[in-house]
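Here is what each chain is made of, one letter per residue.
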Amino acid sequence: MTDTGINARHKARMERKKAHIDQSIEKADQEKGLLLVLTGNGKGKSSSAFGMMARSLGYGMKVGVAQFIKGRSDTGEEAFFARQENVEWHVLGEGFTWNTQDREGDIKTAIAGWETTKTMLQNPEIALVILDELTYPIKYGYLDEATILADIAARPSQQHVVVTGRGASEAFIELADTVSELKDVKHAYRAGIKAQAGIDL
Ligand code: ATP
Ligand code: MG
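Residues numbered from 1 in each chain as written. Chains lettered and ligands numbered in written order. Predicted model: local features only at pLDDT ≥ 70, side-chain atom pairs only at ≥ 80, totals over all residues. Heavy atoms only, no water.

Visitor: Please clarify how the overall build of the protein should be interpreted in this entry.
Guide: A count of helices and strands for the protein gives eight helices and six strands. Order of helices (α) and strands (β) in the protein, N terminus to C terminus: α-β-α-β-α-β-α-α-β-α-α-β-α-β. Here the C-alpha atoms of the protein give a radius of gyration of 21 Å, more than 25% beyond the 17 Å that 2.2 N^0.38 yields for 201 residues. Oriented by its inertia axes, the alpha-carbon framework of the protein measures out at about 75 × 45 × 35 Å. Taking all 201 residues of the protein together, the buried fraction comes to 36%. A separation of at least 24 residues holds for 77% of the contacts in the protein among residues at least 6 apart in sequence. (Helix = DSSP H or I, 4+ residues; strand = E, 2+ residues; numbered from the N terminus. Rg over C-alpha atoms; globule rule 2.2 N^0.38 Å. Buried < 20%, exposed > 50% of the residue type's maximum accessible area, 1.4 Å probe, protein only. Contact = heavy atoms within 4.5 Å.)

This is the structure in C-alpha cells:
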C-alpha cells in the first residue's frame with residue numbers, strides 16, 4: 001500500500017476510535033463522591049492514595065488522612081503533606097501489632113481512632129478522606145466492619161474516600177466504586193534491600 005493509502009486508513013480508524021471514545025465520555029456524566037479501594041500484596045497502595053491527595057490539593061480541596069496501625073510518624077508523606085494548607089493528618093495507630101503486643105490497648109486505640117475518623121467523614125468541607133491501612137484493624141477484629149461500612153456510606157454525597165490495605169473484604173469491594181488490586185511481581189526487599197527513604201517510606 002502507498003503511504004497515502006496507509007495514512008488514509010489510519011485517519012479513518014482514528015475517526016472511528018474518537019467517535020467511540022467521545023460517546024463513552026458523554027455517557028459517563030454522573031458526579032458523586034467515590035469510594036476507592038486499593039488492595040493486594042504489591043507495592044503501590046498508599047503511594048497511589050497520596051498521589052490522589054496531591055491532585056486534590058492542587059485544586060485547592062481539603063484532604064483528611066487517617067493512618068491506622070502504623071504508629072510511626074517519620075514517613076516522607078507525613079513530613080510533606082502534614083505541613084501543607086488544607087490538610088488534616090491523624091496517625092491513629094500506636095505501632096505494628098507485633099511491636100505493641102497488646103491486644104486490649106490496640107483495640108482501644110483503634111476505636112478511639114475511628115471516632116476521630118468519623119468527624120472527617122461527617123465534614124462536607126473535606127473533599128477527600130484517605131483511610132490508610134484501614135483493612136488491618138478490621139481484619140484483626142479491632143473495628144466492626146458493618147459499623148465502618150455504614151459510616152463510610154453515610155458520608156457527604158460529594159466526598160471521596162480512599163481505603164488502602166491488603167486483603168480488602170468482599171463487603172468493602174461491593175460498596176466501592178473503584179477497586180484496584182496491586183499485584184506483587186517483584187520487590188527489592190526480597191533481594192535483601194532495606195526500605196528506601198523516598199520510595200518505601
Ligand atoms: P507504598 O506505601 O510503597 O505504596 P503499599 O501501601 O502498597 O506500599 P504496604 O503493605 O502498606 O504497601 O507496605 C508499605 C511498605 O512495605 C513500603 O515500604 C513498601 O515498599 C513495602 N512493601 C509493599 N509491598 C511489599 C512486598 N510485596 N514485599 C515487601 N515489601 C513490600
Ligand atoms: Mg500502605
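Having seen the structure, we can now continue with the description.
Visitor: Help me understand the site of ligand 1 in this model?
Guide: The environment of ligand 1 is formed by 15 residues, the closest being Lys 43, Gly 44, Lys 45, Ser 47 and Asp 200. The backbone of Gly 44 places a nitrogen or oxygen atom 2.9 Å from an oxygen atom of ligand 1. One of the side-chain N or O atoms of His 187 is found 3.1 Å from an oxygen atom in ligand 1. Protein contact buries 83% of the 580 Å² of open area that ligand 1 shows by itself. (Near = heavy atom within 4 Å. Polar contact = N/O pair within 3.5 Å; in protein donor to acceptor, adjacent residues only side chain to side chain. Areas by Shrake-Rupley, 256 points an atom, 1.4 Å probe, with all protein chains shown as cover.)

Visitor: In this structure, what is going on with the packing of helix α5 (residues 103-121) against helix α7 (residues 145-153)? I would like to understand it.
Guide: Two numbers describe a pair of packed helices, the interaxial angle and the distance between the axes. In the contact formed by α5 and α7, the axes pass within 10 Å of each other and the chain directions differ by 20 degrees. For the element pair α5 / α7, the angle class is roughly parallel. α5 and α7 meet at a crossing whose hand is right-handed. Contact with α5, carried on its side by Trp 114, Lys 118 and Leu 121, involves Ile 148, Asp 151 and Ile 152 of α7 and no other residues of that element. (Axes fitted to C-alpha atoms, helices over the stretch in contact; angles between N-to-C directions. Parallel < 35°, antiparallel > 145°, perpendicular 65-115°, else oblique. Left-handed = near helix turned anticlockwise from the far one by under 90°.)

Visitor: Any chance you could explain the pairing of strand β5 (residues 160-164) here in plain terms?
Guide: Along a regular strand, successive side chains alternate from one face of the sheet to the other. Within β5, four of the five residues are buried, which leaves it mostly tucked inside the rest of the structure. Where strand β4 (residues 126-132) and β5 come together, four bridges link them in parallel fashion. Residue pairing in the sheet places Leu 131 in a bridge with Val 163 of β5. (Pairing = 2+ DSSP bridges.)

Visitor: When you look at the coordination of the magnesium ion (ligand 2) in this model, what are you seeing that I'm missing?
Guide: When a metal holds four donors in a tetrahedron, each ideal angle between them is 109.5 degrees; when it holds six in an octahedron, the ideal angles are 90 or 180 degrees. Looking at the magnesium ion (ligand 2), the protein donor atoms are Ser 46 (OG) and Glu 133 (OE), and they sit 2.1 Å from it. Taken as a pair, Ser 46 in helix α2 (residues 45-58) and Glu 133 in the loop between β4 and α6 (135-139) lie far apart in primary sequence, 87 residues in all. Residue Ser 46 shares its accessibility class with Glu 133, and that shared class is buried. (Donors = N, O, S within 2.8 Å, 3.2 Å for Na, K, Ca; no water.)

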